[in-house]
Amino acid sequence: MSELVITDCGDTALDCLQKLIAYSHLTGNVPDSTEPNNSNKLLIVRIVETICGCFTGPQTDESVQLQIIKALLTVMTTQQEMINA
């Protein structure tokens with residue numbers, strides 16, 4: 001039962017994150033304020049790391065894997081100029 005709840009939450013969380021990025025409510029072109037020493041790391045890097053962190057290997061639920069792919073594709077298509085910079 002707990003695995004089902006985690007899968008549902010992860011699936012929904014990734015879907016919400018993807019939509020926030022797609023509709024430009026969440027952008028990553030600002031410095032990541034959680035990084036020490038005022039590094040030049042952008043927030044988009046943390047966003048992508050968070051999305052990728054949802055993949056736990058072959059046992060990852062297929063619906064979560066699909067949401068990971070959707071979110072990463074959205075990042076690549078909506079913020080291409082920041083990824084390439």
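For the structure, check the block above.
Residues numbered from 1 in each chain as written. Predicted model: local features only at pLDDT ≥ 70, side-chain atom pairs only at ≥ 80, totals over all residues. Heavy atoms only, no water.

A. How the structure looks around the nonpolar core. Formed by Leu14, Leu17, Ile21, Ile44, Ile47, Ile51, Val64, Ile68, Ala71 and Val75, the largest nonpolar core amounts to ten residues. Where this core is concerned, the elements lending two or more residues are α1 (2–22), α2 (43–53) and α3 (62–78). Per-element accounting of this core gives the leading share, four residues, to α3. Leaving out residues up to four positions away in the same chain, Leu17 has contacts with Leu26 and Ile51. (Core = buried A, V, L, I, M, F, W, Y, C linked by side-chain atoms within 4.5 Å. Buried < 20%, exposed > 50% of the residue type's maximum accessible area, 1.4 Å probe, protein only. Helix = DSSP H or I, 4+ residues; strand = E, 2+ residues; numbered from the N terminus. Contact = heavy atoms within 4.5 Å.)

B. Representation of α3 in the model. End to end, α3 covers 24 Å across 17 residues, agreeing with the expected 24 Å (1.5 Å per residue, within 8%). Every buried residue belonging to α3 is among Val64, Gln67, Ile68, Ala71, Thr74 and Val75, and all of these are buried. Down the axis of α3, the sector holding all buried residues measures 130°, keeping them to one side. The outward face of α3, more than 90 degrees from its buried face, is lined by the exposed residues Glu62, Ile69, Leu73 and Thr77. (Expected span 1.5 Å × (residues − 1). Arc of directions from axis to C-beta.)

C. Inspection of the pattern of salt bridges at higher detail. Summed over the entire model, instances satisfying the criterion amount to three salt bridges. Notably, a salt bridge pairs Lys19 with Asp15, separated by 2.9 Å at the nearest N-O pair. With a gap of four residues between them, Lys19 and Asp15 both fall in helix α1, about one helical turn apart. For Lys19, a relative accessible area of 39% translates into the label partly exposed. Among the ionic pairs, Asp32 bridges to Arg46, the shortest N-O distance being 2.6 Å. One end of the pair, Asp32, is in the loop between α1 and α2; the other, Arg46, is in helix α2, with 14 residues separating them in the sequence. The exposure class assigned to Asp32 is buried, which follows from its relative accessible area of 5%. Given the relative accessible area of 31%, Arg46 is considered partly exposed. (Salt bridge = Lys/Arg side-chain N within 4 Å of Asp/Glu carboxyl O.)

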